[in-house]
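Observations on the model geometry
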Amino acid sequence: MAGKRRKFDTEFREGAVRIVTETGKPIAQVAKDLGINETTLASWVSRARGAGGAGPVGESEELARLRRENAQLKRDNKELAMERDVLKRCMVLWVK
């Protein structure tokens, strides 16, 4: 005979999913630590990842901002490298 189903509130589920995603610990270990079934936690994690809710609110905006900043820094780096190369060539011509 199957045991009585336990109900977990939303806060507990989100916390468990956050532990798995932020710490990188295996689902089996986190489930054992929390005293819940491994498959239950795995389904919560997969549902959260599918919904894009694996991270805190605003994480996607932060990621987009960091990508824009990274692209700008790459452009700046490329420009500075070209300027350096021009200056090297000038110095070679000046020394001759």
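Below: a short report on this structure. Note that this is a predicted model, so its numbers are computed, not measured.

On to the nonpolar core. Counting residues in hydrophobic clusters, the biggest one holds 10 residues: Ala16, Val17, Val20, Val30, Ala31, Ile36, Leu41, Trp44, Val45 and Ala48. Elements that contribute at least two residues to this core include exactly α1 (10-23), α2 (27-34) and α3 (38-51). Take this core: its biggest share by element is 4 residues, from α3. Ignoring sequence-local partners within four residues, the contact set of valine 45 consists of Val17, Val20 and Ile27.

It is worth spelling out the packing of α1 against α3 at this point. Relative to each other, α1 and α3 sit at 80°, their axes nearing to 9 Å. By the angle between their directions, the pair α1 and α3 is classed as roughly perpendicular. For the pair α1 and α3, contact is made by Phe12, Arg13, Ala16, Val17, Val20 and Thr21 and by Leu41, Trp44, Val45, Arg47, Ala48 and Arg49, respectively. Considering only residue class, the contact of α1 with α3 consists of 8 nonpolar, 1 polar and 3 charged.

Below, the discussion takes up the pattern of salt bridges. Overall, the coordinates contain 3 salt bridges when judged by the stated rule. The residue arginine 65 makes a salt bridge to glutamate 69 at a minimum N-O spacing of 3.1 Å. One end of the pair is arginine 65 and the other is glutamate 69, both in helix α4 (residues 59-95) and 4 residues apart, which spans about a single turn. Where aspartate 85 meets arginine 84, a salt bridge forms, and the shortest distance between an N and an O atom there is 3.2 Å. Bridged by salt links that share partners, the residues Glu62, Arg65 and Glu69 form one connected network.

Now for the packing of aromatic side chains. Applying the stated criterion across every chain, the model contains 3 aromatic pairs. Between the aromatic rings of phenylalanine 8 and tryptophan 44, the centroid separation amounts to 5.4 Å while the plane-to-plane angle is 75°, which identifies the pairing as edge-to-face. Taken together, the positions of phenylalanine 8 in the segment before α1 and tryptophan 44 in helix α3 put the pair 36 residues apart, joining distant regions of the chain. Taking the relative accessible area as the measure of exposure, tryptophan 44 reaches 7% and is therefore buried. The interplanar angle of 90° and the centroid separation of 6.2 Å between the aromatic rings of phenylalanine 12 and tryptophan 44 together place this pair among those described as edge-to-face. In this pair, phenylalanine 12 sits in helix α1 while tryptophan 44 sits in helix α3, placing the two residues 32 residues apart along the sequence.

The rules behind the values
Residues numbered from 1 in each chain as written. Predicted model: local features only at pLDDT ≥ 70, side-chain atom pairs only at ≥ 80, totals over all residues. Heavy atoms only, no water. Core = buried A, V, L, I, M, F, W, Y, C linked by side-chain atoms within 4.5 Å. Buried < 20%, exposed > 50% of the residue type's maximum accessible area, 1.4 Å probe, protein only. Helix = DSSP H or I, 4+ residues; strand = E, 2+ residues; numbered from the N terminus. Contact = heavy atoms within 4.5 Å. Axes fitted to C-alpha atoms, helices over the stretch in contact; angles between N-to-C directions. Parallel < 35°, antiparallel > 145°, perpendicular 65-115°, else oblique. Nonpolar A, V, L, I, M, F, W, Y, C, P; charged D, E, K, R; others polar. Salt bridge = Lys/Arg side-chain N within 4 Å of Asp/Glu carboxyl O. Phe/Tyr/Trp six-rings, centres within 6.5 Å; stacked < 30°, edge-to-face > 60°.

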